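Single-letter residue listing:
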Amino acid sequence: MNAPQQLTQQLFAMQDLGYRQFQIKLMPTVDPDTVIGIRTPDLRRFAKEYAKQPQAETFLAELPHRYYEENNLHAMIIETGRDYEKVMDATDAFLPYINNWATCDLFCPKIFGKHLRQLSQKIPQWLASDKTYTVRFGIGMLMRFFLEEHFTLESAQQVADIQSDEYYINMMAAWYFATALAKQYNSILPFFQNRQLQPVVQNMAIQKAIESRRISDEQKQLLRTMKIRA
């Protein structure tokens, strides 16, 4: 049995058919035949050990992968890296092959948090991509690393400037602004007051904020008045 066949066998050994059906319903853009059905904690434990094996490097070079879980495994292996430049190179090589929101959203190399200046210079390149999930990933990095003490209006403006018809980009932009309202309310509110967001993004962000426990009732009442009517 060669290495790819052995890996496939190991992945199917972790299969949970009930969880597979659950995942398929959540990912309408993914071919059901490519979903094995592995719970994320199980795959993460496997990835942590597999990353130590010499065949892991070969696996990372074998793109595209067939299975959804292989893509998740790929992301998890990259996350174990401790060399920023190598992790960034591996990230850039992998991003064009991400084909669903779930893989995109679980992928977040921790090493990025130790190199925020370099990361902030890289993110605009992702946001300018013609690949849906590369753009979504870039927004996700701004949301994860630049909404607390490293927040800037420039980073929020980068998201506001995105013009897209892609649902999975606009949904992430809305998630970003809803989260930003919870963490940087006074700085972010003018984006809504001045209608700087695409209408679909503004309305989805307001809906998410209204559903959030981190937004006060008074703030929710004001946000409701800022929905853009068709």
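These numbers were taken from a predicted model, which means no experiment stands behind them.

Student: Sorry, what's going on with the layout of surface pockets here?
Tutor: A water-sized probe, rolled over the atoms, reveals where empty space remains. In this structure, the largest pocket encloses a volume near 490 Å³. Around the largest pocket sit 14 residues that line it, and Met-76, Glu-79, Thr-80, Gly-81 and Lys-110 are the ones nearest its centre. Residue contributions to the lining of the largest pocket peak at three residues, all from helix α3 (residues 40–50). For the lining of the largest pocket, a count of residues per class yields five nonpolar, two polar and seven charged. By volume, the second largest pocket amounts to about 250 Å³. Lining the second largest pocket are 14 residues, and of these Glu-57, Leu-60, Ile-77, Gly-81 and Lys-86 lie nearest its centre. Here the residues of the lining of the second largest pocket are counted per class, giving seven nonpolar, three polar and four charged.

Student: I'm lost on the state of the cysteines in this one. Help?
Tutor: Here a disulfide denotes a covalent bond joining the sulfur atom of one cysteine to the sulfur atom of another. Counting across every chain of the model gives zero disulfides. Of the cysteine sulfurs around Cys-104, a residue in no disulfide, the closest is that of Cys-108, at 11 Å.

Student: What is the right way to look at the pattern of salt bridges in this model?
Tutor: Once the charged atoms of two side chains with opposite charge are near each other, the side chains can pair. Evaluation of the coordinates by the stated rule reveals seven salt bridges. Among the salt bridges present, the one from Arg-45 reaches Asp-42, with a minimum N-O distance of 2.3 Å. With Arg-45 and Asp-42 both in helix α3, this residue pair falls three residues apart, about one helical turn. On the basis of relative accessible area, Asp-42 is assigned to the partly exposed category, the value being 28%. Note that Glu-49 is salt-bridged to Lys-52, the shortest N-O span being 3.5 Å. A residue is classified by how much of its surface remains accessible, and Lys-52, at 58% relative accessible area, is exposed.

Here is what the cut-offs are and how they apply
Once a new chain begins, its residue numbering starts again from 1 and follows that chain's sequence as written. A pLDDT threshold of at least 70 governs which residues receive local features in this predicted model, and a stricter bar of 80 or more applies before side-chain atom pairs are shown or counted, although totals over entire chains, interfaces and linings include all residues. Side-chain measures here rest on the full set of heavy atoms in the structure, leaving out hydrogens and waters. Lining residues are defined by having an atom within 4 Å of a point belonging to a cavity or pocket. Those points lie on a 1 Å grid over the protein atoms alone, cavities being sets where a 1.4 Å probe fits but cannot get out and pockets being open sets with protein on both sides within 12 Å along at least five of seven lines. Grid points are joined across faces, edges and corners, and a volume is the space filled by probe spheres set on the points. Helix numbers and strand numbers start at the N terminus; a helix is a DSSP run of H or I with at least 4 residues, a strand a run of E with at least 2. Any residue that is not Ala, Val, Leu, Ile, Met, Phe, Trp, Tyr, Cys, Pro, Asp, Glu, Lys or Arg is counted as polar, Gly included; the first ten are nonpolar and the last four charged. Throughout, a disulfide means two cysteine sulfur atoms within 2.5 Å of one another. Salt-bridge detection follows one rule: a side-chain nitrogen of Lys or Arg within 4 Å of a carboxyl oxygen of Asp or Glu. With a 1.4 Å probe rolled over the protein chains alone, any residue whose accessible area is under 20% of its type maximum counts as buried; one over 50% counts as exposed, and the rest are partly exposed.

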